[in-house]
Amino acid sequence: MNLRLIIVAVAAGGLAASALSLYVAGRRDGAELHRDAVAALTQARDAARLEAEGERAAQTRLSAALARSGRAEQVTAAFIPQALNTEDGHAPLDAARAARLHDADRQLCQAAPELAGCPEIEPGG
């Protein structure tokens, strides 16, 4: 009877060791699955953040372009009625009119300095 008890105890110990081994392996595999899922979610979050930053930057650039366009339209709108109603369109410009046109050019260059013909803006000036 003693031998039978020892065999049952060894078998029970082996069964317990097998169960513990399976439990530990399952936990390890589950942790790897969660680690992969966390990595995938982190990448998705980073991609979404970069996309949102890009959209904000694009919106900022668009707003700036629309503001420049609006300023340019305001400057040119003042001269459209004069140009449509002029009788001396082929005559040489008088000094006052040339000064107004020069002022309008200056305002356009301030609104959009990248336009062709605009002088380069000096740093600090």
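Up top is the structure these notes are about.
My aim in this report is to walk through the structure given alongside it, one point at a time. (Residues numbered from 1 in each chain as written. Predicted model: local features only at pLDDT ≥ 70, side-chain atom pairs only at ≥ 80, totals over all residues. Heavy atoms only, no water.)

### Some thoughts on the overall build of the chain
Helix and strand counts for the chain come out as three helices and zero strands. For the chain, the C-alpha radius of gyration of 39 Å lies well beyond 14 Å, the compact-globule estimate for 125 residues. When its C-alpha atoms are laid out on the principal axes, the chain stretches across 130 × 35 × 15 Å. Carbon and sulfur atoms form 63% of the exposed surface of the chain, whose accessible area is close to 10,500 Å². Looking at charge distribution, the chain has the averaged site of its 13 positive side-chain charges lying 16 Å from that of its 16 negative ones. (Helix = DSSP H or I, 4+ residues; strand = E, 2+ residues; numbered from the N terminus. Rg over C-alpha atoms; globule rule 2.2 N^0.38 Å. Areas by Shrake-Rupley, 256 points an atom, 1.4 Å probe, with all protein chains shown as cover. Lys, Arg positive; Asp, Glu negative; His and termini not counted. Charge placed at Lys NZ, Arg CZ, Asp CG, Glu CD.)

### Overview of the environment of Asp105
With respect to the helices and strands, the residue Asp105 is situated in helix H3 (residues 95-111). Among the residues examined, Asp105 registers a relative accessible area of 46% and is labelled partly exposed. In the structure, Asp105 is positioned 30 residues away from Val75 in sequence and 8.8 Å away in space, judged by C-alpha atoms. (Buried < 20%, exposed > 50% of the residue type's maximum accessible area, 1.4 Å probe, protein only.)

### Section: a nonpolar patch on the surface
Taken together, Leu20, Tyr23 and Val24 make up a surface patch of nonpolar side chains, about 320 Å² in accessible area. With respect to the secondary-structure elements, Leu20 resides in helix H1 (residues 2-77). (Patch = residues over 30% accessible without salt bridge, like charges linked within 9 Å, V, L, I, M, F, W, Y side chains within 5 Å. Salt bridge = Lys/Arg side-chain N within 4 Å of Asp/Glu carboxyl O.)

### Quick look at the pattern of salt bridges
Evaluated as defined, the whole model comprises four salt bridges. A salt bridge links Glu53 to Arg49, with the nearest nitrogen and oxygen atoms 3.3 Å apart. With a gap of four residues between them, Glu53 and Arg49 both fall in helix H1, about one helical turn apart. The exposure class assigned to Glu53 is partly exposed, which follows from its relative accessible area of 36%. Three or more residues joined by partner-sharing salt bridges are found here, namely Arg45, Asp46, Arg49 and Glu53.

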